[in-house]
Amino acid sequence: MTMATTVSMDDGYDWLTLLANWLSPAYPVGAYSYSHGIEWAVDSGMMKSVDDLTDYIATVLEGGAGWSDLVLAAASWRAAAAGQHDELDHIVELGLALRTTREMALESLQQGSAFVLTTRAAWPGTALDSLATNHSGAIVYSVAVGAACAGRVPLQPMLLAFCHAIAANLVSAGIRLIPLGQTDGQHAMAALRPIVANVAALAEAAPLADLGSAAPCIEICSMRHETQYTRLFRS
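Residues numbered from 1 in each chain as written. Predicted model: local features only at pLDDT ≥ 70, side-chain atom pairs only at ≥ 80, totals over all residues. Heavy atoms only, no water.

Another point: the side chain of glutamate 103. You can see glutamate 103 is positioned in helix α6 (residues 102-122). Since its relative accessible area comes to 1%, glutamate 103 is described here as buried. Within polar-contact distance, the side chain of glutamate 103 engages the side chain of histidine 225 at 2.8 Å. Once residues lying within four places of it in the same chain are set aside, the contact partners of glutamate 103 are Ser222, His225, Glu226, Arg231, Arg234 and Ser235. (Helix = DSSP H or I, 4+ residues; strand = E, 2+ residues; numbered from the N terminus. Buried < 20%, exposed > 50% of the residue type's maximum accessible area, 1.4 Å probe, protein only. Polar contact = N/O pair within 3.5 Å; in protein donor to acceptor, adjacent residues only side chain to side chain. Contact = heavy atoms within 4.5 Å.)

This is how it looks when you write it as structure tokens:
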């Protein structure tokens, strides 16, 4: 007869929660419905291959909204863990002001609202409870993830998992849009692995002063997607 093994919090229970639930593709935040401008890039002929997709996502992570999201998530985690409520309020407002296009704002805010609603219902007791009350649920995705993880998952693992989730969602969109095979998707994720690790490490040490993006081509893709004639994705 085998003995059941009890997994304690210290053994990684909340790390499992982060991977299997909060940042899983199955978590009901609607991430599958956003392409972050990839749909227009494919429609325009700019993106045709797995290499094009990988370069695009690397730019999102290293100098686009992905970078800003990771810095915001880290800042949110630190403020929530330290009980710095005024600082956390400032980070919430900063997150709302950062998006450079209407669709990117929609992408971030609607995923954030869905994450807050689901996490508060299924995992009460995180910093999201008071934060959502103070801000009427208007919290961008990255800030919500950071606050939820504070005191439950260490900062660096959270950033690695969050950065990986951003990359994986965009690879999934590219597979459907270009289209590519599942093996091509795995090639993209393998190529992005060192970038994910490096960006997560940089974001851990980055102050809020390092916020910002320099990805005008991606922002143009996002703006042109707003008037694209036929669309499958919301961004």
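It is worth spelling out the packing of aromatic side chains at this point. Considering all chains together, one arrives at six aromatic pairs under this definition. Ring centres of tryptophan 22 and phenylalanine 115 lie 6.2 Å apart, and the angle between their planes is 80°; on these two criteria the pair is classed as edge-to-face. Taken as a pair, tryptophan 22 in helix α1 (residues 13-22) and phenylalanine 115 in helix α6 lie far apart in primary sequence, 93 residues in all. Through successive ring pairs, a cluster of aromatic residues spans Trp22, Tyr27, Phe115, Trp123, Tyr141 and Phe162. (Phe/Tyr/Trp six-rings, centres within 6.5 Å; stacked < 30°, edge-to-face > 60°.)

On to the nonpolar core. Inside soluble globular proteins, nonpolar side chains tend to come together where they are buried. Leu61, Phe115, Met158 and Leu159 are the most contacted members of the largest nonpolar core, which has 80 residues in total. If one sorts the elements of this core by residue count, helix α9 (residues 155-177) sits on top with 14 residues. Beyond its immediate chain neighbours, meaning those up to four positions away, leucine 61 contacts Gly66, Trp67, Cys163, Ile166, Ala167, Ile195, Val196 and Val199. (Core = buried A, V, L, I, M, F, W, Y, C linked by side-chain atoms within 4.5 Å.)

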